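Residue strings, one per chain:
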Amino acid sequence: MSWIQQITSRLRAALGKRQRDRMLDEELNTHLALLIEQNVERGMSPEAARRAAKLSLGGADQIKESVHDHRGLPLLETFVQDLRFALRMLRKSPGFSAVAILTLALGIGANSAVFSAIDAILLRPLPFPDANQLMQISQYHLKEKNLNPFVAPVRLEDWNRMNSTFQAMTGYYAEDDSEISGPLPEKVTIAFVAPRFLQVWGIAPALGRDFTTVEERFGGPGAVLISRRFWENRFGADPNALGKKLRIGRFALTIVGVMPASFLFPNRDVDLWSPDGVGGPYAQNRDLTWYTIIGRLKQGVTLAQSRANLATVQSQLGKQYPKPDADLAVNVQSLKEIVIGGIGRSFWMLFGSVSLLLLIACTNIAALLLARSSRRQHEISIRFALGGSRTAIMRQLLTETFLLALGGAALGLIVAAAASQIFQTLAASLPRVQQIHLDATVVLYSLACSLIVTFLCGLLPAIRAARKSIAVSLAQASFTQVSTRNRLHWLLVGVQVALAVTLLAGAGLLIRSFQELGRVSPGFQPDHVLTFHISASYGETTDLKAMTQRIDRTIDSLAALPGVSSAATSATLPGVPSESPQEFKVAEGQTDPNRKIVSDSRAVSPSYFATMQIPLLDGKSCRELPSGADVLVNRSFANTYFGQSNPIGHHLSVVGNQYLPLGEIRGIVGDAREEGLNRAPGPTVYWCISGAVPDPYYLVRTLGKPMTMARTIRERIRSIEPTRSLFDIVPLTEHIDQSFAENRMRMVLLSLFAATALCLACLGLYGTLSYSVAIRRREIGLRMALGAVPRRIATGFLLLGLRICVIGCAVGVTLVIAFGRVLSGMLFGVSPTDVVTLAGVIFIMLIVAALASLVPSLRASRVDPMVALRYEE
Amino acid sequence: MITTPKAEVLQGTLDLLVLKTLDTLGPLHGFGIARRIQQASQDALLLNQGTLYPALVRLEQRGWIRSKWGISENNRRARFYSLTKAGRKQLTVEAQSWERMATIIARLLVGAGEA
């Protein structure tokens, strides 16, 4: 032991209780001496003087005790004492302790696990300094239904110059391109960023420097910041990577810095950031929009103020440039809200259910404690007899519960630690799911949980046990008890069953929704389709003809591969939500001129329909035209907007988009659930343009398993496009699967919670019934001695258990009907009060409850009549 | 010897007595306080001197008195208590409320006697 430790430990002891006791002793001694002197002065004999003084002062130990009570320290001292005693009590009944701790570990652990996800995804700020100041700013058209949120670079510069509520604004767009300085093209995700990019984030490069103003200028020297991951994979984290050049398409970009590992914006895959010259001639067109805008609010500015400010700015721009700007409005949203999206509801639903689970666990423990404390009546009444106060006994019992809860929380942390793995396995595509991990917040939360649990399940049993009158009477009555006096026990069992039924019904509804989803006929055939991307740059849009030719050539080459039956491109994936509604006009005039034609708009290659097996119902299939475009519409579009008349031969144009050619409706195809299997197909317009974007999804229908073709396809692309990389090779079914990741996560987790709840409720039923049988042994023995049939006794107990269960089910179903709304929007093909599901849940509950009641009931029927006599003693 | 029955110190009044004693006599040790209270009451109060010490701890915790070790008149080490500023304020408050109470009770008793 070092001398520092020695000194501190001595100091602590000196300052502690012993020191104060010694000082009090001295004080009392002085008092006594003075008192004796006074008595002697009054003429008493020394002996009498001493006795009288002692009498008048009182016992030194008593004084010390009561002084202690005033010092505020006895609380801690008795707590330690209580803790020690509780530990001994729990060790004496290891079975009880193990069951209680395991139950609470399940409850608290599941709760902490869900909380850790909520904390990481919903509560924690984004990983940037003062992240609550970061806003996403978008424009929207006042007259047209056009969801394009992107902004022209020149408008970004106007906003940034004219507003008074933002420190700075910047913009970016990202694309997947290839880096071609190595032997093979390497797919990179590159973000082209407007000036002030790092300033807005408030983040500096971990190595190297930010872009210079010269580099940010159009036509300036090419510069690039690289991600930490790219730096490690490509350069082995070599600091000499700075100054090296990367080749992207025609451009050579010099590496000027490495960003910190935590900086993953716009997405997790990002590799490179490079300045996008806002001064370029293209960027001056107020109609060409491609930027996503991020701004950082000034200190103390509210969202509403910034919205008002930008509205004023935009109206000024509207006066200056009436052509596009007068019809535009600005929207400001917190960036965090955008990143999280609509995921919050699922998590709060899960949190609600996991809290119900914890409540069930607590109820279970409360019932266990009640049973236990009535077994401990003897001990408790002795403590009363020896002068223990009510509060002291309650404190003692609560300390025992707290110890159990603490044990549960500690074990539960293991469950919580596994949470990150669980969530990533279940739904890796969720935003921020990588950030779920066990940290101090989660540990604190678990601790808080155990405190709440202590009072939730410990208070009632403690109050009951510490009732003096009952304690005394029960101490005698426990052996002679005849009737069921355990109404409270049964109430607790009923609560557990009701809550378990609620959770089971929720899980059942989600499972049924998933089944319904599997039964849907999507209108296209997603099996045996392989999807992938081929790297490309938006720079290619300067020569649309060449780009379209390249894509068509690739499609033809893929379709000619052995083992491939057809190949196509589509700007969006079939069966995965993309939200692409647009407003159309019919050149020949509309049936109802007042009705707006709003429809999904998808750009696909002519071979798309054969590849996806969407049937042509009427007219001709479409062609890829050198100018103009062919259009197919689905049946829903034809029925909704043309009614009885035939749409074929009419021409469509997109309102507000003068770049798209007039499209001639060539034919009508079948309805397909393009926007997700869970959405009824709406009106859809298919533009037959294979190269609507430089990097469309390639869709290849294979004869065998899709992934077995991956290698062949890779080799073919390498031979025809040596400077491009092929990436994200995934079967279409997997994409569709991924789009239901959130649904699957809630279904799996809720089912897990419901199953646990079912087990706990049955455990509760079993325990309470067993207890009831044990306490009524004498009564049963007596009845047997009087000639009762064992089978009837067993049936009696079985029915007792089932009756509570039925009442619990009824309450549970009422709860489901009352709170089914919570699930609406998460269900597909079933109503929240689906009779089949509810009946199934009740059936399962009753079966399991009957099984749980069987053992104690049989035990009751085997009671030996002799116990009736023996127990009398 | 003693013929008149002694009155027990009323609950809650011990604080007032201690504060008043320290106010009149200045710093005193525990025995001094007890002696003064008994002298002033002409031995009519039955003070269990032991109860004085928890009261002193309580008053010190509230910041109404402070203590310092010193030497008593018979050359023993003793703890001397003295009134703080907050204690002086508290004394006026408690004295006033005591007087009010005493007046009310007196009035009640007089009224009861007349009826």
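Everything numeric here is computed off the predicted structure, so don't read it as measured data.

Caption draft 1: Region of interest: the overall build of chain A. From N to C terminus, chain A includes 30 helices and 21 strands. Computed over the C-alpha atoms, the radius of gyration of chain A is 38 Å, more than 25% above the 29 Å expected from 2.2 N^0.38 for a compact globule of 873 residues. A buried classification covers 39% of the 873 residues belonging to chain A.

Caption draft 2: Structural context of the overall build of chain B. Helix and strand counts for chain B come out as four helices and five strands. For chain B, the α and β elements follow one another from N to C terminus as β-α-β-α-β-α-β-β-α. Taken over 115 residues, chain B has a buried fraction of 26%. Taking as baseline every contact in chain B between residues at least 6 positions apart, the subset at least 24 positions apart corresponds to 52%.

Caption draft 3: Just the interface of chain B and chain A, in detail. Contact residues are listed per partner, giving 16 residues for chain B and 17 residues for chain A. Counting only elements with at least two residues in the side of chain B that touches chain A, the list comes to α2 (30–40), α3 (52–61) and β5 (77–83) of chain B. The leading source of residues in the side of chain B that touches chain A is α3(B), at four residues. Along the lines of polarity and charge, the residues of the side of chain B that touches chain A split into five nonpolar, seven polar and four charged.

Caption draft 4: Geometry of the confidence of the model for chain B. Overall, the prediction assigns chain B a mean pLDDT of 80, with 84% of residues at 70 or greater. For this predicted complex, the interface score ipTM comes out at 0.83, alongside a pTM of 0.75.

Caption draft 5: Broad picture of the packing of helix α6 (residues 94–123) of chain A against helix α14 (residues 344–375) of chain A. Residues and elements named next belong to chain A. In contact at an axis separation of 9 Å, α6 and α14 are set at 165 degrees when each is read in the N-to-C sense. Comparing the axis directions of α6 and α14 gives the class roughly antiparallel. In this structure, the crossing between α6 and α14 has a hand that is left-handed.

Caption draft 6: Up close: the packing of helix α20 (residues 487–519) of chain A against helix α28 (residues 790–819) of chain A. Residues and elements named next belong to chain A. Between α20 and α28, the least distance of the axes is 7 Å, while the angle of their chain directions is 45 degrees. One element, α20, and the other, α28, form an angle in the oblique class. The two elements α20 and α28 meet at a crossing, and its hand is right-handed. Note on element contacts: α28 touches α20 through Ile804, Cys805, Ile807, Gly808, Cys809, Val811, Gly812, Val813, Leu815 and Val816, opposite Trp490, Val493, Gly494, Val497, Ala498, Val501, Thr502 and Ala505. Residues that form the contact of α20 with α28 fall into these classes: 14 nonpolar, four polar and no charged.

Caption draft 7: Focus on helix α29 (residues 835–861) of chain A. Residue and element names in this part refer to chain A. With 27 residues, α29 should reach 39 Å at 1.5 Å per residue; the first-to-last C-alpha distance of 37 Å fits that figure. Its axis deflected by about 35 degrees at leucine 854, α29 carries its strongest bend there, up to four residues before the proline proline 856. Among all positions of α29, only Thr837, Leu838, Val841, Ile842, Met845, Ala849, Ala852, Ser853, Pro856, Ser857, Ala860 and Ser861 are buried. In this structure, the buried residues of α29 make contact with α20, α26 (741–775), α27 (777–785) and α28.

Caption draft 8: Region of interest: helix α23 (residues 635–642) of chain A. All names here are of chain A. Of all the positions in α23, only Phe637, Ala638 and Tyr641 are classed as buried. Buried residues of α23, seen end-on, are gathered within an arc of 95 degrees and therefore sit on one face of the element. Looking one or two residues beyond α23, the residue adopting positive phi is glycine 643, at roughly 55 degrees.

Caption draft 9: Region of interest: the pairing of β5(B). All names here are of chain B. Note: strand β2 (residues 28–29) against β5, two bridges, orientation antiparallel. Residue pairing across strands places leucine 28 opposite tyrosine 81, the latter belonging to β5. Pairing between strand β4 (residues 65–71) and β5: seven bridges, direction antiparallel. Note on β5: the bridge partner recorded for arginine 66 is serine 82. The turn linking β4 back onto β5 is made up of five residues, and asparagine 75 within it adopts a positive phi angle of 60 degrees.

Caption draft 10: View of the pairing of strand β14 (residues 597–604) of chain A. Residue and element names in this part refer to chain A. Counting buried positions along β14 yields seven of eight residues, so the element is predominantly enclosed. Strand direction decides the pairing type here: strand β13 (residues 581–586) and β14, joined by four bridges, are antiparallel. Considered in β14, the bridge of phenylalanine 584 is made with isoleucine 597. Relative to strand β19 (residues 684–688), β14 runs parallel, the two being bridged by five bridges. Considered in β19, the bridge of valine 604 is made with cysteine 688.

Cut-offs used in this document
- Residues numbered from 1 in each chain as written.
- Chains lettered and ligands numbered in written order.
- Predicted model: local features only at pLDDT ≥ 70, side-chain atom pairs only at ≥ 80, totals over all residues.
- Helix = DSSP H or I, 4+ residues; strand = E, 2+ residues; numbered from the N terminus.
- Rg over C-alpha atoms; globule rule 2.2 N^0.38 Å.
- Buried ≥ 20, exposed ≤ 12 C-beta atoms within 10 Å, placed from the backbone.
- Contact = placed C-beta atoms within 7 Å.
- Nonpolar A, V, L, I, M, F, W, Y, C, P; charged D, E, K, R; others polar.
- pLDDT = per-residue confidence, 0-100.
- Axes fitted to C-alpha atoms, helices over the stretch in contact; angles between N-to-C directions.
- Parallel < 35°, antiparallel > 145°, perpendicular 65-115°, else oblique.
- Left-handed = near helix turned anticlockwise from the far one by under 90°.
- Expected span 1.5 Å × (residues − 1).
- Bend = angle between axes of the 7 residues up to and from the residue.
- Arc of directions from axis to C-beta.
- Pairing = 2+ DSSP bridges.

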